[in-house]
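Below, each chain spelled out in residue letters.
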Amino acid sequence: MQTQAVPRSERGHGTNRPADDPVGPFTGGWADTRLSLPLAPGARFAEARRRAVSDRFPGERIVVPSGGLKVRSNDFDYPFRPHSAFVHLTAEQGPWAVPDSVLVLEPTGTGHAVTLFTRPRSPRDGGRGRTEFHSDRRYGEFWVGRRRTLSETSDVLGVTTAAREDLERSLGKNVPTRVLRGEDALVDALLPAASAEADAELATFLSELRLVKDEWEVEQLRAAVDSTIAGFHDVAGELSRATRLARGERWIEGTFNRRARLDGHGLGFETIAAAGAHACVLHWMRNDGPVRDGDLLLLDAGVEGDSFHTADLTRTLPVSGRFTDTQRRVYDLVHAAQSAGAAALRPGARYCDFHDAAMRVIAEGLDAWGLSPGPAGAAKDGPAPYSRYTVCGTGHMLGLDCHDCAAARRHTYLDGVLEAGHVLTVEPGLYFQPDDLTVPEELRGIGVRIEDDFVITAEGAECLSSALPRGADDVEEWVSSSR
């Protein structure tokens, strides 16, 4: 790793330094390393999605940027992850994704011509203005690795390609244009918004286009779930080691994250490794606490595959291998609620039905415990008393984003109807804060969530994560045998 501090003005951003030395030690002597690459498996599905966009916006230019690098500190960037809408329309893969790429659908008399503007390989032949390979610390391949040639990218993704530097000239034609904004500063500057409503309509359409998954997307999600299940088994085998460390949660986090990088592009979201009372924090990501025998560990994690599709699973594990009576009582209630929610999944059901079914079980269980949660339907007129212990909804759509299709209109998603091809999570939970005086002392500091991923089918719903132990007895057997 280079340790020399580099002023930000010299770190790249498309510049080449030095730019005025026509001959140097990097000129000449390079082998021909061009590749012959097949069409990516997902490319024909991406083509169908682009046709859907073309049909929806005839006569209009559509511009969808991938987004660019984001600075972590000084001259280091975060790993690049393209915008999900860009991925959906290109089927680009994680190892090859190039920052600052822009997909343009240019209107023609019969539809749209598709061009992907992207960075080609760093030139090897040197000469004036062609030293990116070794001098550009942000984009030069000597620094960050090989990119595909434009021809290779065209072969893999099945689209016409052009150099990023040609983008400005291409966008000069005055035609009605819709842009996915906020992802590329140059694009936003070149194409001032004629109508915020029009751009918002594009963003909404691109989000809703992902609601129903095609067969290739389901295959990618199935693979991401399988890798995530493997990561959970990795964690179960490391529980004993974690109990001997001051920050055992970090060991759990690292164990799962290793699997995510081994099997896929990385994490779909930051791993939640919450032991003890930390399980009562819905998005506990500090992961700096101990993992103690006798406590519960709530692990909420997902592998993002090379296709950028992610899983999202949660299990709450007894660290010692056995639930206490009180822990099992809470676990069994959440398990029953999740089972009721899953049973409500079917095409034609309202999206909210699985949430209502799970919450009904929670409400009845808490009422039986004397916590007087009130009727489940009370939440429609205001927060129900039991929401103090549940807080959030019972699931969400899943896909390229963990919380997928977030820009979809309410009537197509939250107030919509389930149909075959929807992929979603069911994840009820109970969280009794350690300082909550409304619950018995024995419940305080217990947090339990169980989450699985489902695809809606013509007959009902398939649990993609059914191979991961879920019932209390099965979880105890799994953890005990893994220690």
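The coordinates are above.
Residues numbered from 1 in each chain as written. Predicted model: local features only at pLDDT ≥ 70, side-chain atom pairs only at ≥ 80, totals over all residues. Heavy atoms only, no water.

Q: Mind laying out the side chain of Ser54, listing which residues take part and the relevant values?
A: Structurally, Ser54 can be placed in helix α1 (residues 43–56). With sequence-adjacent residues up to four places away left out, Ser54 is seen in contact with Leu105, Gly111 and His112. (Helix = DSSP H or I, 4+ residues; strand = E, 2+ residues; numbered from the N terminus. Contact = heavy atoms within 4.5 Å.)

Q: Give a detailed account of the pattern of salt bridges, specifying residues and quantitative values.
A: Taken as a whole and judged by the stated rule, the model has 38 salt bridges. Note that Glu427 is salt-bridged to Arg449, the shortest N-O span being 3.8 Å. Of this pair, Glu427 sits in the loop between β13 (423–426) and β14 (429–431) while Arg449 sits in strand β15 (residues 447–449), and the two are 22 residues apart along the sequence. On the basis of relative accessibility, which here comes to 12%, the residue Glu427 falls in the buried class. (Salt bridge = Lys/Arg side-chain N within 4 Å of Asp/Glu carboxyl O. Buried < 20%, exposed > 50% of the residue type's maximum accessible area, 1.4 Å probe, protein only.)

Q: Report on the sheet that holds strand β1 (residues 61–65), specifying residues and quantitative values.
A: Reading across from one edge, β6-β5-β4-β1-β7 is the order of the five strands in this open sheet, with mixed pairing throughout. This sheet does not close on itself; its edge strands, each paired only once, are β6 (160–163) and β7 (177–179). Pairs of neighbouring strands in the sheet enclose a mean axial angle of 20 degrees, with direction left out of account. Sheet topology places strand β4 (residues 102–107) next to strand β5 (residues 112–118); six bridges connect them, and they run antiparallel. Directly across from Glu106, in β5, lies its bridge partner Ala113. In the packing of α1 onto the sheet, contacts are made with β1, β4 and β5, and the angle to β4 comes to roughly 45 degrees. Seen against the sheet, helix α5 (residues 150–157) touches β5 and β6 and runs at an angle of roughly 150 degrees to β6. (Pairing = 2+ DSSP bridges. Axes fitted to C-alpha atoms, helices over the stretch in contact; angles between N-to-C directions.)

Q: Break down the environment of Arg449 for me, citing the residues and quoting the values.
A: Given the relative accessible area of 4%, Arg449 is considered buried. Between the C-alpha atoms of Arg449 and Pro58, which are 391 residues apart in sequence, the distance is 46 Å. Filtering out sequence-adjacent residues up to four positions away, Arg449 remains in contact with Ile272, Leu282, Leu298, Asp300, Thr314, Arg315, Thr316, Val334, Glu427, Pro428, Gly429 and Tyr431. In this structure the side chain of Arg449 is engaged in a polar contact, spanning 3.5 Å, whose partner is the backbone oxygen of Leu282. (Polar contact = N/O pair within 3.5 Å; in protein donor to acceptor, adjacent residues only side chain to side chain.)

Q: Please set out the packing of helix α9 (residues 215–236) against helix α11 (residues 248–263) residue by residue, giving values where relevant.
A: For the pair α9 and α11, the least separation of the axes is 9 Å and the interaxial angle reads 150 degrees. Note that α9 runs across α11; the crossing there is right-handed. Between α9, through Ser227, Thr228, Ala230, Gly231, Phe232, Asp234 and Val235, and α11, the contact on the second element is made entirely by Ile252, Thr255, Phe256, Arg259 and Asp263. Class assignment for the residues of the contact of α9 with α11 results in five nonpolar, four polar and three charged. (Left-handed = near helix turned anticlockwise from the far one by under 90°. Nonpolar A, V, L, I, M, F, W, Y, C, P; charged D, E, K, R; others polar.)

Q: Please provide a residue-by-residue account of the nonpolar core, values included.
A: As a rule of thumb, soluble globular proteins bury nonpolar side chains together. Counting residues in hydrophobic clusters, the biggest one holds 57 residues, and the most contacted among them are Phe232, Ile252, Leu366, Leu430, Phe432 and Val448. Of the residues forming this core, the biggest block, eight residues, is contributed by α9. Other than its neighbours up to four places away in sequence, Phe232 contacts Phe256, Leu299, Ala301, Leu313, Thr314, Arg315, Leu468 and Trp478. Core analysis: the next-biggest nonpolar cluster, separate from the first, contains 20 residues, Ala85, Val159, Leu202 and Leu206 among them. (Core = buried A, V, L, I, M, F, W, Y, C linked by side-chain atoms within 4.5 Å.)

Q: Break down helix α14 (residues 472–482) for me, citing the residues and quoting the values.
A: Residues of α14 that are buried include every one of Ala472, Val475, Glu476, Trp478 and Val479, and no others. Down the axis, α14 shows its buried residues gathered within 165 degrees of arc, on one side only. In α14, the exposed residues that point more than 90 degrees away from the buried face are Asp473, Glu477 and Ser481. Buried-residue contacts for α14 involve α9, α10 (239–243), β12 (313–318) and α12 (325–343). (Arc of directions from axis to C-beta.)

Q: So what's going on with a nonpolar patch on the surface? Residues and values would help.
A: Taken together, the side chains of Phe142, Trp143 and Val144 present a nonpolar region at the surface, about 310 Å² in accessible area. A relative accessible area of 49% places Val144 in the partly exposed class. (Patch = residues over 30% accessible without salt bridge, like charges linked within 9 Å, V, L, I, M, F, W, Y side chains within 5 Å. Areas by Shrake-Rupley, 256 points an atom, 1.4 Å probe, with all protein chains shown as cover.)

Q: I'd love a proper account of the packing of aromatic side chains, names of residues and values included.
A: Under the counting rule described, the total for this entry stands at 10 aromatic pairs. Centre to centre, the rings of Phe133 and Phe142 are 5.5 Å apart; their planes meet at 75 degrees, and the pair counts as edge-to-face. Phe133 sits in the buried class, given a relative accessible area of 7%. Geometrically, the ring pair formed by Tyr351 and Tyr413 is edge-to-face, given 5.2 Å between the ring centres and 85 degrees between the ring planes. Pair noted here: Tyr351 is in the loop between α12 and α13 (353–368) and Tyr413 is in the loop between α13 and β13, with a separation of 62 residues, a long-range link. A residue is classified by how much of its surface remains accessible, and Tyr351, at 6% relative accessible area, is buried. The structure contains a cluster of three or more aromatic residues connected by ring pairs, namely Phe26, Trp30, Phe133 and Phe142. The ring of Tyr139 has Arg119 lying over it, and the distance from NZ or CZ to the ring centre is 3.7 Å. (Phe/Tyr/Trp six-rings, centres within 6.5 Å; stacked < 30°, edge-to-face > 60°. Lys NZ or Arg CZ within 6 Å of the ring centre and 35° of its normal.)

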